[in-house]
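A closer look at the structure
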Amino acid sequence: MADQNPRTKGKTVIVLSLLPLQILLYLNAWYFGLFLISEFLLYIYKWSILPYPSQNIIGEVILLFLLMVIEAARLFFGTKGNLTEKVVHLGVSIALLLPVLFGALFLLLWQTYVLRVEVIFCSILLVVFLLEAIFEVVTLVTFARAASQVT
């Protein structure tokens, strides 16, 4: 059914949500899930083959779990903010991008052993994060302008 709001009845409603951002968020959800599975499998491989210190692997696995929780929240707020055109939700998504970005940089640069396949996976993840950040900022500005024009 169409929008039943009496203020917009018979008027054209402009949709401000960005489709490319929504597509990126959707694809990132799938890619991040595959990224986590591959990282956990790579940790099992590295733990069995390489001389991995126990405290390091425990810390890095805990970091992966934290990364998973923060990224799930970020994708939720990004999707919700884009679809409902709420500035606050997109702002939270952008703010949550920083810890996830640093987590991905840790996995790329500073973990105990970095395999070549991890460099490829993390690089792809960082490119997706960069694209999402650009689209989220553009969407945030669009929503803020529209909100200021209404009031």
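Attention in this report is confined to the structure presented alongside it.

About the cut-offs
- Residues numbered from 1 in each chain as written.
- Predicted model: local features only at pLDDT ≥ 70, side-chain atom pairs only at ≥ 80, totals over all residues.
- Heavy atoms only, no water.
- Helix = DSSP H or I, 4+ residues; strand = E, 2+ residues; numbered from the N terminus.
- Rg over C-alpha atoms; globule rule 2.2 N^0.38 Å.
- Buried < 20%, exposed > 50% of the residue type's maximum accessible area, 1.4 Å probe, protein only.
- Contact = heavy atoms within 4.5 Å.
- Lys, Arg positive; Asp, Glu negative; His and termini not counted.
- Charge placed at Lys NZ, Arg CZ, Asp CG, Glu CD.
- Core = buried A, V, L, I, M, F, W, Y, C linked by side-chain atoms within 4.5 Å.

So, the overall build of the chain
If you tally the helices and strands in the chain, you get four helices and zero strands. Along the chain, helices and strands appear, N-terminal first, in the series α-α-α-α. Computed over C-alpha atoms, the radius of gyration of the chain comes to 19 Å, more than 25% over the 15 Å expected from 2.2 N^0.38 for 151 residues, which places it beyond the range of a compact globule. Relative to its 151 residues, the chain shows a buried fraction of 30%. When contacts within the chain are restricted to residue pairs at least 6 apart in sequence, long-range pairs at least 24 apart make up 77% of them. Charged side chains in the chain number 9 positive and 8 negative. The centres of these two groups are separated by 13 Å.

Things to note about the nonpolar core
In this structure, F35, L107, L125 and F129 are the most contacted members of the largest nonpolar core, which totals 18 residues. Secondary structure elements with two or more residues in this core: helix 1 (19–49), helix 2 (54–84), helix 3 (87–110) and helix 4 (116–150). Among all residues touching F35, those that are not within four sequence positions of it are L107, F121, C122 and L125.

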